[in-house]
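This is what each chain is made of:
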Amino acid sequence: MKKVFAISILALLVFVTGCNPAGKSESTESKKAVVHFTEPAELLTLDTTQEEDFTSFNAQNQVLEGLYQLNEKDEAIPAVAKELPEISEDKQTYTIALRDDAKWSNGDPVTAEDFLYAWRRAVTPETAPSYASLFVSSIKNADAIYQGKMKSDQLGVEAPDEHTLVIHLIKPIPYFTSLLTFETFFPINQTFAEKQGSDYGTSAKTTLYNGPFTLDGWEQNSDTWKYIKNPKYWDEKNVKVDEIQTTVVKSTSTAVNLYQTDELDRVVLDGEFSKQYKNDPDFQNQNDTKMGYLRFNQGQNKLLENVNLRKAISLAIDRETFVKNILGDGSIAATGFIPQNFVQNPKTGEDFRKENGVQQTFDKTAAQTAFTQAKEELHKEAITLVYLTKDTDIEKKTAEYLANQIAEVLPDIKFEITTLPSNNLQQRYLSGDYDIAFGQWMPDFKDAITFLDMFASTSGLNHVNYKNPAYDRLIQAASDTDAADEEKRWSDLLQAEHLLLAEDYTIAPIYQQQTALLQKKNISGVVKHSFGSPYSFKYIQVEETE
């Protein structure tokens, strides 16, 4: 998420209020369901060709909608599309009928042309997002357009009429329908977007909506906003909550205090509070596929170009101790980058994580040996590295703990920890002004390649500047030459993860997140996803309490 900047601990906090207009009795009052949420970081953009952060992905999934949406079982079901796609015999042409009652919040119909505009925008070099790779690796001519060799109107997508979309793929892609639930494949109203120009998606007023909710009261850097039930939404009758008021709360202790005073009804816990409340009747644990990891900047003239330095740091991290002492929320120590219980061998059914085994683990002796080699190769006795992280409680604690733990094993490494708000951190990370950056990655779709292809040398998501022709060949084979051979493709992906982690030490996976939370009993319908956007709020219901 997908595809993939530093992460998100989401707290959904809910209560119901009533309104009593003058002249109406309490018994005849129509109560307004108002839900209060928190986010741990600011919302940066509603432009689906600009998002890089979890808060933006989450917001876009509530106010915008693509051809398909994910249900509570993470199955792709029709949204703007009227039904599942008609797929050609060679599995490379998808014909999709659009519903005729889908509308934008200004009353305009959502048409096939809105998808054409958005998708062409997503592969045009001047406007393409980091996630352009999802189009490049799937749709005919997308790569040539992205490389500036073709015009955007040559993208392999057609609109025979207002309510029909025909998509031509470069190869069979078994997960393509689920990929269409991802935000970068959402439509954009061309007339509205072009009228807003560079302001499109930067505020509530400069965005047009076609999802269950519209947004109110948001501008970039705002720490509050509201989701308002969208009366123009085609499935409006199944949206039970009228308003979701959202506030950025970066301190877990603040959120817990508000929960305890009944001002909030759902809060995600960090390790300290997870231990404190694990026996509370309101305590819950949610399985997750989100991975927390360290990203090593291998750009030119960076110390972390040196593989032995990356290896030393990776092997100096005691992940088991970290998840126990700092997270304490049921999260799992990472031994690889593909999470447990995510994808399985298509022939044997064995889980990817189990089959590929341990790729990185704590090894003090090996870490010190690698660091000795690194110092010789770099001609340095002491090394200082800039560690970039967000200004949330959990990420600051993570940075401090990992820096201290690594320094215990490798005393000659010093970390300069720099904490920044999400928007400032994103700008600095994308500019390459860092050595190590903490990040989280949630899969965009249900396939191991969503974790691996962002490190291909040509990927727009490869902000760590990793380049290895052998790795590129494995990703290319899994994406193209071996795409139709399940066994070969699986082997390509296993080898790619091994090369990425156990030979090149490109990143250092730390943990697979599990979400610990407190939630009041009157809340239901908060749908958690294992890929794509973290949550869907469409089905939230709040039971009235005495």
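What counts, and at which threshold
- Residues numbered from 1 in each chain as written.
- Predicted model: local features only at pLDDT ≥ 70, side-chain atom pairs only at ≥ 80, totals over all residues.
- Heavy atoms only, no water.
- Phe/Tyr/Trp six-rings, centres within 6.5 Å; stacked < 30°, edge-to-face > 60°.
- Helix = DSSP H or I, 4+ residues; strand = E, 2+ residues; numbered from the N terminus.
- Buried < 20%, exposed > 50% of the residue type's maximum accessible area, 1.4 Å probe, protein only.
- Lys NZ or Arg CZ within 6 Å of the ring centre and 35° of its normal.
- Pairing = 2+ DSSP bridges.
- pLDDT = per-residue confidence, 0-100.
- Contact = heavy atoms within 4.5 Å.

A. A look at the packing of aromatic side chains. All chains considered together, the criterion is met by 29 aromatic pairs. Both rings, one in W119 and one in F135, keep their centres 6.0 Å apart while their planes meet at 65°; by these two values the pair is edge-to-face. Of this pair, W119 sits in helix α2 (residues 112-123) while F135 sits in helix α3 (residues 133-136); the two residues are 16 residues apart in sequence, bridging distant segments of the chain. Here W119 and F135 have matching classes, each one buried. Where F273 meets Y277, the ring centres are 6.5 Å apart and the plane angle is 20°; that geometry is what we call stacked. Taken together, the residues F273 and Y277, both in helix α8 (residues 271-277) and four residues apart, mark about one turn of the helix. One aromatic cluster is present, formed by Y94, F115, W119, F135, F176 and F185 through successive ring pairs. Above the ring of F54, the side-chain terminus of K290 is found at 4.8 Å from the ring centroid. In this arrangement the basic side chain of K520 is found over the ring face of Y259, its NZ or CZ atom lying 4.4 Å from the centre.

B. Geometry of the sheet that holds strand β13 (residues 291-296). Spatial ordering of the open sheet is given by β14-β18-β13-β17-β15-β16, a layout of six strands whose pairing is mixed. Strand pairing shows two members of the sheet lacking a second neighbour, β14 (332-333) and β16 (413-420), which therefore form its edges. Bridge count between β13 and strand β18 (residues 507-512): five bridges; the pairing is antiparallel. Counterpart to G292 in the pairing with β18 is Y511.

C. Representation of the confidence of the model for the chain within the structure. Averaged over every residue, the pLDDT of the chain is 90; residues scoring 70 or more account for 94%. Scored below 50 in pLDDT, residues 1-29 makes 119 contacts in the model with residues more than four places away or belonging to other chains.

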